[in-house]
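Spelled out, the chains give:
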Amino acid sequence: MIGNDIVDLQHMSNTCDWRRPRFFDKVFTQKEQALILTSENQHQMVWLLWSMKEAAYKVHVQQFGEVFFNPKRLVCNLISEEKGDVRIDSNHYDARSTITEDYVYTIAQPESCKTLYSSIFKSEISSYTSQSSQLKQKLLRTISQSEQLDYQALNIRKTKFGVPQVFNNFQKLPLQFSLTHCGRYSGYVMC
């Protein structure tokens, strides 16, 4: 199982005021709030922790089929700026992040996969639906090439919990992957 999340920092500056008390208190634990407020770059720290939570949540849903909305149930611990872990109850997920001036990208997993392939790309497509479609097409092209399968026979379907799965004709492939997009950036990871 694997999860990922990307946050376009400029997009979030323009669309989300994380300083609103209701948002801040609803999403972050007291320890996380202190970490944000003492950070040199508070905006970046907010979205780093957010992306860690989102990526770990995707893994948790894949693993347990449990959908919930309680961001404080996901507790982040930073080991370094690029590495941390997220705890959901008694479950721990490793989180590795890439931070640039443009985005924060996090991959989470319960344990390291042997083969990890991740791709991030910038998109000028502003429509959420079009961006999602482009992201899925890029993932399917990668799977087609890496698994030597006919691209036209591949498709993505979601489970009742919203977890995407890839099918070759009507047969589910045993691939683990996750998709994400925000603002100008999209990414996928598979193992």
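Preceding block: the structure.
Residues numbered from 1 in each chain as written. Predicted model: local features only at pLDDT ≥ 70, side-chain atom pairs only at ≥ 80, totals over all residues. Heavy atoms only, no water.

**Details of the overall build of the protein chain**
Argument step 1. Each helix and strand in the protein chain was counted, giving 5 helices and 11 strands.
Argument step 2. Its C-alpha radius of gyration of 17 Å places the protein chain within 12% of the 16 Å reference for a compact globule of 191 residues.
Argument step 3. Dimensions of the protein chain along its principal axes, counting C-alpha atoms only, are 50 × 40 × 30 Å.
Argument step 4. Residues counted as buried form 46% of the 191 residues belonging to the protein chain. (Helix = DSSP H or I, 4+ residues; strand = E, 2+ residues; numbered from the N terminus. Rg over C-alpha atoms; globule rule 2.2 N^0.38 Å. Buried < 20%, exposed > 50% of the residue type's maximum accessible area, 1.4 Å probe, protein only.)

**Re the packing of aromatic side chains**
Argument step 1. Under the criterion given, the structure shown has 9 aromatic pairs.
Argument step 2. Ring geometry for Phe23 against Trp47: centres 6.2 Å apart, planes inclined by 40°, an arrangement best described as tilted. Separated by 24 residues along the polypeptide, Phe23 in helix α2 (residues 21-27) and Trp47 in helix α4 (residues 42-64) bring together distant segments of the chain.
Argument step 3. Put simply, the rings of Trp18, Phe23, Phe24, Phe28, Trp47 and Trp50 touch in pairs and so form one group of aromatic residues.
Argument step 4. In this structure, Lys138 packs its charged tip against the face of Phe121, placed 4.4 Å from the ring centre.
Argument step 5. Looking at Arg157, its charged tip hangs above the ring of Phe167, at a distance of 3.8 Å from the centre. (Phe/Tyr/Trp six-rings, centres within 6.5 Å; stacked < 30°, edge-to-face > 60°. Lys NZ or Arg CZ within 6 Å of the ring centre and 35° of its normal.)

**Let's talk about helix α5 (residues 128-147)**
Argument step 1. In this model α5 runs 28 Å from its N-terminal to its C-terminal C-alpha over 20 residues, within 8% of the 28 Å that 1.5 Å per residue would give.
Argument step 2. Considered for burial, the residues of α5 that qualify are Gln131, Ser132, Leu135, Leu139, Leu140, Thr142, Ile143 and Ser144.
Argument step 3. Residues of α5 that are buried make contact with β6 (117-122), β7 (154-158), β8 (164-168), β10 (177-182) and β11 (185-190).
Argument step 4. Among the residues trailing α5, Gln148 stands out with phi positive, at a value near 55°. (Expected span 1.5 Å × (residues − 1). Contact = heavy atoms within 4.5 Å.)

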